[in-house]
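Understanding the architecture of this molecule
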Amino acid sequence: MNSELERIAQGISSMEIRGAGRIAVASASALRSVANASTAGTVEEFSSDIKHAARRLVETRPTAVSLPNAMRYVIRHGLNGDTSSVEDARTSVIKAADDFIENANNALHLIGEFGSRRILDGEKVLTVCNSNAAIEVMRHAAAQGKDIEVFAMETRPRFQGRLTAAALAKAGITVNLIVDSAARYYVREVDHVIVGADAITANGAVVNKIGTATAALAAHEARTRVSVAAETFKFHPDTVVGELVEIEERDPHEVLPASEHIDGVRVRNPVFDITPSEYIDIIVTERGVIPPQASFYLLTNLFGWHLTERDPWEQ
């Protein structure tokens, strides 16, 4: 087992590497490491090494579609070309991984540019969890001289909202850190809800950190705009053909430590919830701004006939 692959797989599984965008970049980097280190003697053996690594990574987090989409990109661009020798295949996979990582980094900048145009000077913004894409939108708005104030939900039980609060404060933005259950209390004070996404379905529903749907529902009641910032690799191709997104449930000890065990009580710890498309105004991607109802067309444009194929690591 490649040590770098295993380090990254363990990091994703344990949430040391977290956030859909970071997971995608890390997983592409892991395939690049496997390609570099492979001692395969034939192209078939090399291809098997890469696909085995992809399977290992995909198993780590079932909900974040950015991970399998990163694997699809690297394998399809890296192994489907003219790979008559192991060295050709190695070069091709490494280039595909590098291209994916570069595109992912560029996507954040473009999302920041497009999304910040929707923020007005003086607006108050509510956000949840720790999304690089959502942070970039708010950073770009502040860099344009817009005076914004952010309410960051702390995002229990792992408190990723504290990371968001720190990043925004470092950018010179006024930040209020609030408990998750206060979202409805403060939503009437804000002008805009901006969140990231772990997966976006063909019907425009957004799978994101638990608490997002609550914030979006409160915003809907208050007639407050809701924007989702997400790279296109977070759109879920399997949902076009009716597959459901698996919602991950993590260790209950994240909520209630073993030392505080309560007899007869079962602790539940779902990581994500699903926000219906009718509670979302726009989705900001690196390709531009779309209504959630356009998700189907974006997915078919991105994946084409690959939507009906088996995943490349299963072939």
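Here's what I pulled together on the structure shown here. (Residues numbered from 1 in each chain as written. Predicted model: local features only at pLDDT ≥ 70, side-chain atom pairs only at ≥ 80, totals over all residues. Heavy atoms only, no water.)

1. Section: the layout of surface pockets
- Taken as a whole, the largest pocket holds about 480 Å³ of empty space.
- In this structure, the largest pocket is lined by 16 residues; those nearest its centre are Tyr73, His77, Thr232, Arg287 and Leu302.
- Put simply, the parts of the chain that give the lining of the largest pocket at least two residues each are helix H4 (66-79), helix H5 (86-116) and helix H10 (295-303).
- A per-element tally of the lining of the largest pocket places H4 first, with 5 residues.
- Classifying every residue of the lining of the largest pocket by side-chain character gives 7 nonpolar, 5 polar and 4 charged.
- Volume-wise, the second largest pocket comes out at about 340 Å³.
- As for the second largest pocket, its lining consists of 29 residues, and the residues nearest its centre are Arg18, Gly19, Ala20, Arg22 and Asn130. (1 Å grid on protein atoms, 1.4 Å probe; cavity = no way out; pocket = protein on both sides within 12 Å on 5 of 7 lines; lining within 4 Å. Points joined across faces, edges and corners; volume = space filled by probe spheres on them. Helix = DSSP H or I, 4+ residues; strand = E, 2+ residues; numbered from the N terminus. Nonpolar A, V, L, I, M, F, W, Y, C, P; charged D, E, K, R; others polar.)

2. Observations regarding the sheet that holds strand S6 (residues 206-209)
- Spatially, the 3 strands line up as an open sheet ordered S5-S6-S8, and their pairing is antiparallel. A strand with exactly one partner marks an edge of an open sheet, and here the two such strands are strand S5 (199-200) and strand S8 (272-275).
- Relative to S8, S6 is paired through 4 bridges, and the arrangement is antiparallel. Looking across to S8, one finds that Asn208 is bridged to Asp273. (Pairing = 2+ DSSP bridges.)

3. Quick word on empty space enclosed by the protein
- All told, the structure shown has 1 cavity of 30 Å³ or more when counted by the stated rule.
- Taken as a whole, the largest cavity spans an internal volume of roughly 50 Å³.
- Around the largest cavity, the lining residues are Gly115, Arg118, Val137, His192, Ile194, Ser227, Ala229, Ile282 and Val284.
- Among the residues making up the lining of the largest cavity, the classes are represented as 5 nonpolar, 3 polar and 1 charged.

4. Considering the environment of Lys170
- Along the polypeptide, Lys170 turns up in helix H7 (residues 160-170).
- The class of Lys170 is exposed, set by a relative accessible area of 78%.
- For the pair Lys170 and Arg139, spaced 31 residues apart in sequence, the C-alpha to C-alpha distance is 9.8 Å. (Buried < 20%, exposed > 50% of the residue type's maximum accessible area, 1.4 Å probe, protein only.)

5. Thoughts on the sheet that holds strand S10 (residues 288-290)
- Taken in spatial order, the 7 strands of this open sheet run S3-S2-S1-S4-S7-S9-S10, and their pairing is mixed. Where the open sheet ends on each side, the last strands, each with one partner, are strand S3 (174-178) and S10. Each neighbouring strand pair of the sheet contributes to a mean axis angle of 25°, computed without reference to strand direction. (Axes fitted to C-alpha atoms, helices over the stretch in contact; angles between N-to-C directions.)

6. Here's the deal with helix H2 (residues 20-37)
- Taking 1.5 Å of rise per residue, 18 residues should cover 26 Å, and H2 covers 26 Å from first to last C-alpha, within 8% of that figure.
- H2 sits mainly inside the fold: 13 of its 18 residues count as buried. (Expected span 1.5 Å × (residues − 1).)

7. A look at the pairing of strand S2 (residues 149-153)
- Extensive coverage of S2 is indicated by the burial of 4 of its 5 residues.
- Two elements, strand S1 (residues 124-128) and S2, share 5 bridges in a ladder whose sense is parallel. When the bridges of S2 are listed, Leu126 appears paired with Phe151.
- Taken together, S1, helix H6 (residues 132-143) and S2 form a β-α-β motif whose crossover is right-handed.
- Relative to S3, S2 runs parallel, the two being bridged by 5 bridges. When the bridges of S3 are listed, Glu149 appears paired with Thr174.
- In this fold, the crossover linking S2 to S3 by way of H7 has right-handed handedness. (Right-handed = clockwise from strand over helix to strand, strands pointing away.)

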